[in-house]
2 protein chains.
Amino acid sequence: MTTDHRLYSARYFLTPGECNAQQLMPLPLLVERIIEIATLHADSLDIGYPTISREGNTWVLSRLAIEMKRWPRVDEYYELTTWVENFGRFWSDRNLAIADADGNTIGYARTVWVIMNMETRRPADLTIYPQIEGICNPEAECPIDRPAKLAKVESDDTVGYTFQYSDIDFNRHVNSCRYIELLLNCWPMDWHDEHPIARVDINYLKEAHYGEQVSIMAEPQGQTAHAEIVSADGTSISRAAFRFAP
Amino acid sequence: MTTDHRLYSARYFLTPGECNAQQLMPLPLLVERIIEIATLHADSLDIGYPTISREGNTWVLSRLAIEMKRWPRVDEYYELTTWVENFGRFWSDRNLAIADADGNTIGYARTVWVIMNMETRRPADLTIYPQIEGICNPEAECPIDRPAKLAKVESDDTVGYTFQYSDIDFNRHVNSCRYIELLLNCWPMDWHDEHPIARVDINYLKEAHYGEQVSIMAEPQGQTAHAEIVSADGTSISRAAFRFAP
């Protein structure tokens, strides 16, 4: 933790049991940690779930971009640092830096959050919380592009999936990390063995729920590949663009 | 952390993003934490993965029992404490207590671990590591029954599943927590809404791998229900018995 309340850091240790088949930090775990540290920072600023839930509101991740020079390895310590870059009435831009045990930055992330009313399932007004004033840290650097707005994926090669009990989170919709697992599963193990992720952009477009049947599809375009989860009525639930390292 | 090296404790905070649909700690997350703290304690005793991997060995969870009086709630701190009760040539009994923020014990767990040679995929001899002597803490109390040896589940009502990239862990077999998710998914959301888990026994019987097709089935027997994952050749991969609270 730093003394500047506009910055929040946490140190983690990557255990063997947390690693992916490549013995590195899995992307869904990094997203879980990003959500965790965003939660802890928001709580420390009195703008977290315990506060906003009094008005029936909850934080929801809307867009995400991550760029990694390299991924944390097994038995390695790593540190996440986060800050709010900016906010508007209906969104908040939160950035992150990922450092290794020696303090070298190994990656950056940009996230866009909204608050949603749990009853209406509609975006709620962030500016009713006066404590959000003064928390921005626009001078902290995050030298990666903002999360891209991704186009619809066109593919006839789809896989079906029905969301199960274990896929559902606290907000009674599908867990943000679970979508990413399903999107990563569009590529076989031997592809992942050879191609670590250099950058990913994710758009969360629509809530999916327990028992919902979806189609999952991917559209490879050279080194960057697009994937999407589509609901039975054809509307998009989430989209991702992966840039794999050569 | 305590000053007795035979005990190891860690404190955690349950964020909203980690909760299940019942806004409680999910069983797979508790198992993840149990594996994590076991790893950290073993590392601190110089019997962890960094040490035993020199001989090509890795720790594998073989059996597990958990009993919870209640589950940690959203935004609650909880603490895990672990110790080794006993060990033999090919197994190690590790127990855990789960406490709430006020220090009240809310659950216990018993785990059985083996070390496996990563090349031969066979159990390896634990007693070649002299540092395992003197680490046992048999006087610490764990007042729950040992993990049961579970019988085969008989059911014609099976669901098929093929293991995907995201299901595979560091040891190139299916993640221990992922089996539990698939076993929990045998029951619908409204059952889980009404019936928190009071006790679970899990037997890990055989490694499952990437691309493997399995059948998942459940056999309800009143308040205790059995579930199993079976490979295509009929051999059992893992079994669970859930005792649901009324």
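Each remark here, short or long, concerns the structure printed above.
Residues numbered from 1 in each chain as written. Chains lettered and ligands numbered in written order. Predicted model: local features only at pLDDT ≥ 70, side-chain atom pairs only at ≥ 80, totals over all residues. Heavy atoms only, no water.

(A) Spatial organisation of the nonpolar core. Grouped together as the largest cluster of nonpolar side chains are 145 residues, with contacts concentrated most on L27, I66 and F242 of chain A together with L27, I66 and F242 of chain B. Setting aside chain neighbours within four positions, we find F242 of chain A in contact with L27, L183, L184, W187, I197, R199, V200, Q223, T224, A225 and A227 of chain A. Core analysis: the next-biggest nonpolar cluster, separate from the first, contains six residues, W83, Y108, A140 and C142 of chain B among them. (Core = buried A, V, L, I, M, F, W, Y, C linked by side-chain atoms within 4.5 Å. Buried < 20%, exposed > 50% of the residue type's maximum accessible area, 1.4 Å probe, protein only. Contact = heavy atoms within 4.5 Å.)

(B) Molecular detail of the interface of chain A and chain B. Each side of the interface is counted separately: chain A has 38 residues, and chain B has 38 residues. Across the chain A/chain B interface, buried area totals approximately 3500 Å², and carbon plus sulfur atoms make up 55% of it. The tally of links from chain A across to chain B stands at two salt bridges. Here R172 of chain B ties to D193 of chain A by a salt bridge, and the two come within 2.9 Å at their closest N and O atoms. Linking chain A with chain B are 17 residue pairs in polar contact (both at pLDDT 80 or more), by the criterion used here. Of all the elements in the fold, those that place two or more residues in the side of chain A that touches chain B are helix 1 (27–44), helix 2 (49–52), helix 3 (176–184) and helix 4 (189–194) of chain A. (Buried area = accessible area lost by both parts, 1.4 Å probe. Salt bridge = Lys/Arg side-chain N within 4 Å of Asp/Glu carboxyl O. Polar contact = N/O pair within 3.5 Å; in protein donor to acceptor, adjacent residues only side chain to side chain. Helix = DSSP H or I, 4+ residues; strand = E, 2+ residues; numbered from the N terminus.)

(C) View of the relation of the copies chain A and chain B. For these two chains of identical sequence, chain A goes onto chain B by a turn of 180° and a shift of 0.0 Å along the axis, with RMSD 0.0 Å. Given the turn and translation reported, the copies of this chain are related as if by a two-fold rotation axis. Scanning chain A for the C-alpha nearest the rotation axis identifies Y161 of chain A, at a separation of 5.3 Å. A shared binding surface is used by both copies, with 100% of the interface residues of chain A retained as interface residues in chain B. (Least-squares fit on C-alpha atoms with pLDDT ≥ 70 in both.)

(D) Representation of unusual backbone geometry in the model. Residues other than glycine seldom take positive phi values, yet D75 of chain A does so here, at roughly 60°. Relative to the helices and strands, D75 of chain A resides in the loop between strand 2 (57–68) and strand 3 (77–87).

(E) Spotlight on the packing of helix 1 of chain A against helix 3 of chain A. All names here are of chain A. Running from N to C, helix 1 and helix 3 cross one another at 160°; their axes reach a closest spacing of 9 Å. Here helix 3 runs roughly antiparallel to helix 1, going by the angle between their axes. Here helix 1 runs over helix 3; the crossing is right-handed. Where helix 1 abuts helix 3, its residues L27, P28, V31, E32 and I35 lie against S176, C177, I180, E181 and L184. Here the residues of the contact of helix 1 with helix 3 sort into seven nonpolar, one polar and two charged. (Axes fitted to C-alpha atoms, helices over the stretch in contact; angles between N-to-C directions. Parallel < 35°, antiparallel > 145°, perpendicular 65-115°, else oblique. Left-handed = near helix turned anticlockwise from the far one by under 90°. Nonpolar A, V, L, I, M, F, W, Y, C, P; charged D, E, K, R; others polar.)

(F) Just the sheet that holds strand 5 (residues 105–117) of chain B, in detail. Residues and elements named next belong to chain B. Spatial strand order, 1-3-4-5-2-7-10-9-8-6: 10 strands in an open sheet with antiparallel pairing. At either end of the open sheet lies a strand with only one pairing partner, and these are strand 1 (8–13) and strand 6 (158–162). Strand-to-strand, the axes of this sheet are offset by a mean angle of 20°, without reference to chain direction. Pairing between strand 3 (residues 77–87) and strand 4 (residues 92–100): nine bridges, direction antiparallel. Residue W83 lies in a different strand from strand 4, and its bridge partner there is N95. Together, strand 2 (57–68), strand 6, strand 7 (197–204), strand 8 (213–221), strand 9 (224–231) and strand 10 (236–244) form the strand contacts of helix 3 (residues 176–184), whose direction differs from that of strand 10 by roughly 60°. (Pairing = 2+ DSSP bridges.)

(G) Just helix 3 of chain A, in detail. Residue and element names in this part refer to chain A. For helix 3, a buried count of nine out of nine residues is recorded, marking the element as mostly surrounded by other parts of the structure. Looking only at helix 3, the buried set comprises S176, C177, R178, Y179, I180, E181, L182, L183 and L184. Where helix 3 starts, the residue carrying a side-chain oxygen 2.8 Å from the main-chain nitrogen of C177 turns out to be N175.

(H) View of the packing of aromatic side chains. Per the stated rule, a full pass over the model turns up 22 aromatic pairs over all chains. Summarising the aromatic geometry, the rings of Y49 of chain A and F170 of chain A are spaced 4.8 Å apart at their centres and angled 80° between planes, so their arrangement reads as edge-to-face. Within this pair, whereas Y49 of chain A is found in helix 2, its partner F170 of chain A is found in the loop between strand 6 (158–162) and helix 3, the two being separated by 121 residues in sequence. A residue is classified by how much of its surface remains accessible, and Y49 of chain A, at 12% relative accessible area, is buried. Residue class for F170 of chain A comes out buried when judged on its relative accessible area of 2%. Centre to centre, the rings of W191 of chain B and F244 of chain B are 5.3 Å apart; their planes meet at 85°, and the pair counts as edge-to-face. In this pair, W191 of chain B sits in helix 4 (residues 189–194) while F244 of chain B sits in strand 10, placing the two residues 53 residues apart along the sequence. On the accessibility criterion, W191 of chain B (25% relative accessible area) is partly exposed. You can call F244 of chain B buried: its relative accessible area is 2%. The structure contains a cluster of three or more aromatic residues connected by ring pairs, namely Y161, F163, Y179 and Y204 of chain A. Taking NZ or CZ as reference, R11 of chain A lies 4.2 Å from the ring centre of Y77 of chain A, over its face. (Phe/Tyr/Trp six-rings, centres within 6.5 Å; stacked < 30°, edge-to-face > 60°. Lys NZ or Arg CZ within 6 Å of the ring centre and 35° of its normal.)

(I) Region of interest: helix 1 (residues 27–44) of chain B. Look at helix 1 of chain B: 26 Å from first C-alpha to last across 18 residues, which is about the 26 Å you get at 1.5 Å a residue. Positive phi appears at D46 of chain B, one or two residues downstream of helix 1 of chain B, with a value of about 65°. (Expected span 1.5 Å × (residues − 1).)

(J) Highlighting the environment of L45 of chain A. Residue and element names in this part refer to chain A. Of note, L45 is situated in the loop between helix 1 and helix 2. Accessibility expressed as a relative area gives 9% for L45, which makes it buried. Along the chain, L45 and V114 lie 69 residues apart, while their C-alpha atoms are 16 Å from each other. Apart from residues no more than four positions distant in its own chain, L45 is found in contact with H5, Q131 and I135.

Interpretation note: all reported values are geometric properties and have no functional meaning in isolation.
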